[in-house]
Amino acid sequence: MSDLDGAQLIDKLGHDLGVFMRARDITEPLLVGIRTGGVWVAERIQSMLEIKDELGVLDITFYRDDFSRAGIQPTVKPSHLPLNVTDRHIILIDDVLYTGRTVRAALNEIFDYGRPASVSLAILVERNGRELPIQADVVGTRLSLEARQQVQLSGPQPIALEIVD
């Protein structure tokens, strides 16, 4: 087992995301966190970057491509995005990017709400094992893990990350 400094990674991600947004002249983004860990990270980033707009929250359970195999999850919670995402610059935030399937599901859900001007992806931890061609725009850290290893997040206060077998 190995521990990662969650607070330090969030600080780095927030700083790098600020640089990314300035370089692309994104001044009023809509931050959207993927439930649960992505929401915890997005809340901290929103505070760091002093973004005033309400945080968007996605629960992508019903959009997963394995939903019919996994069945209904007992902890499904509602998603919430401002009514009009059309022409907004969205920053999608999640804790771990692994296969890419969660991000694909989140994109499908976002487009059900409208057509954004752009969607950028910010990830706290990116690891190897992609199954879909999805790449983060901003990353806290990149890890090369064996297939049996996972990144386990706990929080929300404090956010802690651990690599487990």
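Worth saying up front: this structure is predicted, and the values here are computed from it rather than measured. (Residues numbered from 1 in each chain as written. Predicted model: local features only at pLDDT ≥ 70, side-chain atom pairs only at ≥ 80, totals over all residues. Heavy atoms only, no water.)

Draft legend 1. The pattern of salt bridges, seen in detail. The full count for this structure, using the stated rule, is seven salt bridges. One salt bridge in this structure joins Lys12 and Asp16, with 2.7 Å as the shortest N-O distance. Remark: Asp16 and Lys12 occur in helix 1 (residues 6-23); sequence separation between them is four residues, near one turn of the helix. On the basis of relative accessibility, which here comes to 37%, the residue Lys12 falls in the partly exposed class. The network of salt bridges with common partners includes Glu126, Arg130 and Arg142. (Salt bridge = Lys/Arg side-chain N within 4 Å of Asp/Glu carboxyl O. Helix = DSSP H or I, 4+ residues; strand = E, 2+ residues; numbered from the N terminus. Buried < 20%, exposed > 50% of the residue type's maximum accessible area, 1.4 Å probe, protein only.)

Draft legend 2. Highlighting the side chain of Gln149. For Gln149, the location among the structural elements is in the loop between strand 6 (138-143) and strand 7 (150-154). Look past the residues within four positions of Gln149 in its chain and what remains in contact with it is Arg127, Ile163, Val164 and Asp165. (Contact = heavy atoms within 4.5 Å.)

Draft legend 3. Fine view of the packing of aromatic side chains. Here the structure, examined in full by the defined rule, presents zero aromatic pairs. Across the ring face of Tyr98, the terminal group of Arg127 is positioned such that the distance to the ring centre comes to 3.9 Å. (Phe/Tyr/Trp six-rings, centres within 6.5 Å; stacked < 30°, edge-to-face > 60°. Lys NZ or Arg CZ within 6 Å of the ring centre and 35° of its normal.)

Draft legend 4. Molecular detail of the pairing of strand 8 (residues 160-164). Bridging between strand 7 and strand 8 involves five bridges; their strand directions are antiparallel. Directly across from Ser154, in strand 8, lies its bridge partner Ala160. The turn joining strand 7 and strand 8, which pair antiparallel and follow one another in sequence, is formed by five residues. (Pairing = 2+ DSSP bridges.)

Draft legend 5. Molecular detail of helix 1. Helix length check: helix 1 (18 residues) gives 26 Å between terminal C-alpha atoms against 26 Å at 1.5 Å per residue, within 8%. Those residues of helix 1 lying buried are Gly6, Leu9, Ile10, Leu13, Gly14, Leu17, Gly18, Phe20 and Met21. The residue sitting at the N-terminus of helix 1 and contributing the capping side-chain oxygen is Asp5; that oxygen lies 3.2 Å from the backbone nitrogen of Ala7. Count one or two residues on from helix 1 and you reach Asp25, which has phi positive near 55°. (Expected span 1.5 Å × (residues − 1). Polar contact = N/O pair within 3.5 Å; in protein donor to acceptor, adjacent residues only side chain to side chain.)

Draft legend 6. Quick look at the environment of Thr99. On the secondary structure map, Thr99 appears in the loop between strand 4 (89-97) and helix 4 (101-113). The sequence separation of Thr99 and Asp59 amounts to 40 residues, and the corresponding C-alpha distance is 17 Å. Not counting the four nearest positions on each side in its chain, Thr99 is found in contact with Gly129, Arg130, Glu131 and Leu132. Within polar-contact distance, the side chain of Thr99 engages the backbone nitrogen of Arg101 at 3.2 Å.

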